[in-house]
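# Coordinates in review
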Amino acid sequence: MNWKRALIASATAAPVIGLLAWGMTRDPNNILSPLPGREAPAFQLAVFAPGQGELQRPMGDTVRLASLRGKVVVLNFWASWCLACRDEHQVLSIVAQSYAGQPVQFLGVLYNDVPDKGRAWIAEMGGQSYPSVDDPGARAAIDYGLYGVPETFFLDVNGKVAYKHTGPVSAGVLRIKIDSLMAAGAAAPAKGDSVTGDSAKAVKAGTGR
Amino acid sequence: MTGYRGLVRALLIGTVATSVAAAQAPALPAAPAGAPQDSGALRVQVQGTLSEAQKNDPKLEEMTKTVASELRCPVCQGLSIQDSPSELSQQMRTVVKEQLASGKSEQEVKDYFISKYGEWILLEPQPHGFNLLIYALPVLLVLGGAGFIVLLVKRWTAAPVAIAASGDATRTNDEIPE
């Protein structure tokens, strides 16, 4: 019977076509990070590029994530060998400058690169308004589940990962995310007064492997 | 004509295989090509947390290899961090070794990487939930194929009987001469 054969063939082909169609809706380059919604991995990293003006931090200063509680943190992983990082550099620098004096901390994290090359790159690009820290051995990068640069993480005032952006970030995305996280932070201020206590705990958790 | 059909079939199979591979392909990292190939200074700092005895411990090395072989290199295509020469893989192997040296079990180390990268980091998906389909489907297809072949063979061997039987409707199969 022809209709019977057609029915069997359709029933066999339909799941295969369905599976392929579902595959087409997915971007294999887009790996969902399990981090958003979770406590941001703690780190303590040394500043190798101080930044400029109001956003400046002393060279060699250790930045602890826990000490940034109460601020929206924009963590941008970059490298001097990364071409796409050139596209977002100016945007990040300008937007960071525009939030000076507000509870927002921009921080560059150097990924698989040497500080000298990082500094030379910043000079070549015309400077960077916010500080950058070195990440020896890509420890922080692995802790944040990094698989390429640039990647930008937005942390809320309570130190939780709110959003991860893969690839060059735009001014629009930066402003929308920062503003919404600042608004959420103002509505529900950071928990806990004892920053020092939290900080000690968080640092221990982050390095206790 | 047969050659043409064969060609069409080969092309069709090729297309389907490529589509499936593309759908399952791991993410391509963003431009790691220009990454510095060597940064000895960084590595020295990282490996500083392992003692000399731990660095040369063959058992620890073996355990590291086992775990590293199961973890996907994030900046490669289908390679484990054990097989990949990339800098990130070497750094991840160091993390694996340090965590094992600190007393974590192999599963705990894998769980650490899953908590950072998601299950994607495992080269072989864990057999639970939707993933079970990957393990069950090949078995089901083989069983289904075997059943199909059995059905076909039965039908082919039964065909002469049916023709012979149609000649005399009153005779049963047992009465039909071999």
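Procedures and definitions
Residues numbered from 1 in each chain as written. Chains lettered and ligands numbered in written order. Predicted model: local features only at pLDDT ≥ 70, side-chain atom pairs only at ≥ 80, totals over all residues. Helix = DSSP H or I, 4+ residues; strand = E, 2+ residues; numbered from the N terminus. Buried ≥ 20, exposed ≤ 12 C-beta atoms within 10 Å, placed from the backbone. Contact = placed C-beta atoms within 7 Å. Pairing = 2+ DSSP bridges. Axes fitted to C-alpha atoms, helices over the stretch in contact; angles between N-to-C directions. Expected span 1.5 Å × (residues − 1). Arc of directions from axis to C-beta. Core = buried A, V, L, I, M, F, W, Y, C linked by C-beta atoms within 7 Å. Bend = angle between axes of the 7 residues up to and from the residue. pLDDT = per-residue confidence, 0-100. Left-handed = near helix turned anticlockwise from the far one by under 90°. Nonpolar A, V, L, I, M, F, W, Y, C, P; charged D, E, K, R; others polar. Parallel < 35°, antiparallel > 145°, perpendicular 65-115°, else oblique.

Attention now goes to the overall build of chain A. A tally of regular secondary structure across chain A gives six helices and seven strands. In chain A, the order of α-helices and β-strands from amino to carboxyl end is α-β-β-β-α-β-α-β-α-β-β-α-α. Counting the 209 residues in chain A, one finds 42% classified as buried. Summarising the internal contacts of chain A: among those between residues at least 6 apart in sequence, 79% fall at separations of at least 24.

So, about the overall build of chain B. A tally of regular secondary structure across chain B gives seven helices and zero strands. Each helix (α) and strand (β) of chain B, taken in turn from the N terminus, gives the series α-α-α-α-α-α-α. Considering only contacts within chain B whose residues lie at least 6 apart along the sequence, 51% involve residues at least 24 apart.

Attention shifts here to the sheet that holds strand β6 (residues 151–155) of chain A. All names here are of chain A. Spatially, the seven strands line up as an open sheet ordered β2-β1-β5-β4-β3-β6-β7, and their pairing is mixed. Of all the strands in the sheet, just β2 (62–64) and β7 (161–166) have a single pairing partner and so form its edges. The sheet shows a mean angle of 30 degrees between the axes of neighbouring strands, direction not considered. Here strand β1 (residues 44–49) pairs with strand β5 (residues 132–134) via two bridges, running antiparallel. From the neighbouring strand, V47 faces β5, where its bridge partner is V133. Contacts from helix α5 (residues 171–187) reach β3 (72–78), β4 (104–110), β6 and β7 within the one sheet, and its direction differs from that of β3 by about 150 degrees.

Further remarks concern α5 of chain A. Residue and element names in this part refer to chain A. For α5, which comprises 17 residues, the first-to-last C-alpha distance of 24 Å matches the rise-based estimate of 24 Å (1.5 Å per residue) to within 8%. Taken together, the buried positions of α5 are L174, I178 and L181. For α5, the buried positions fall inside an angular range of 70 degrees around the axis, keeping them on one side. Away from the buried face of α5 by more than 90 degrees, exposed residues G172, A183, A186 and A187 are located. Those residues of α5 hidden inside the fold are in contact with β3, α2 (83–98), β4, β6 and β7.

This part takes up the nonpolar core. Residue and element names in this part refer to chain A. Counting 69 residues, the largest nonpolar core has V74, V109, Y111 and L155 as its most contacted members. Among the elements that take part in this core, β3 stands out by supplying six residues, more than any other. Here L155 is in contact with A40, V72, V73, L75, K160, V161 and A162, once residues within four sequence places are set aside.

Residue and element names in this part refer to chain A. Taking 1.5 Å as the rise per residue, helix α1 (residues 2–24) with 23 residues should run 33 Å; its terminal C-alpha atoms sit 32 Å apart, in good agreement. Where α1 bends most, the angle comes to about 25 degrees, and this point is A13, followed within four residues by the proline P15. The buried count for α1 comes to zero of 23 residues, which makes it a mostly uncovered element.

Take the confidence of the model for chain B next. All names here are of chain B. Averaged over all residues, the pLDDT of chain B equals 74, while 62% of them reach at least 70. Considering only residues more than four positions removed or in separate chains, one finds that residues 1–47, a stretch of pLDDT under 50, has 52 contacts. As scored by the predictor, the complex reaches a pTM of 0.72 and an ipTM of 0.81.

As a further point, take the environment of A79 of chain A. Residue and element names in this part refer to chain A. Note on placement: A79 falls in the loop between β3 and α2. For A79, a count of 26 C-beta atoms within 10 Å gives the class buried. Measuring from C-alpha to C-alpha, the distance between A79 and W22 comes to 35 Å, with 57 residues separating the pair along the chain. Ignoring sequence-local partners within four residues, the contact set of A79 consists of C85, L110, Y111, N112, D113 and V149.

Residue and element names in this part refer to chain B. Packing of helix α4 (residues 58–70) against helix α6 (residues 106–117) leaves a shortest axis separation of 10 Å and a crossing angle of 35 degrees. You can see that α4 and α6 cross each other, and the crossing is right-handed. In this structure, α4 uses M63, T66, V67 and E70 to contact α6, whose residues at the interface are E106, V109 and K110. Of the residues contributing to the contact of α4 with α6, the split by class is three nonpolar, one polar and three charged.

This part is about the pairing of β1 of chain A. The pairing of β1 of chain A with β2 of chain A spans three bridges and is antiparallel. Pairing of A46 of chain A across the sheet is with T62 of chain A, part of β2 of chain A.

Working note: a packed helix pair is described by the angle between its axes plus the distance between those axes. Residues and elements named next belong to chain B. The geometry of α4 relative to helix α5 (residues 87–101) is characterised by a closest axis approach of 9 Å and an angle of 125 degrees between their N-to-C directions. Considered as vectors, α4 and α5 are oriented oblique to each other. Taken as a pair, α4 and α5 cross one another with a handedness that is right-handed. Listed contacts from α5 to L60, M63, T64, V67 and A68 of α4 are R93, V96, K97, L100 and A101. Here the contact of α4 with α5 is composed, by residue class, of seven nonpolar, one polar and two charged.

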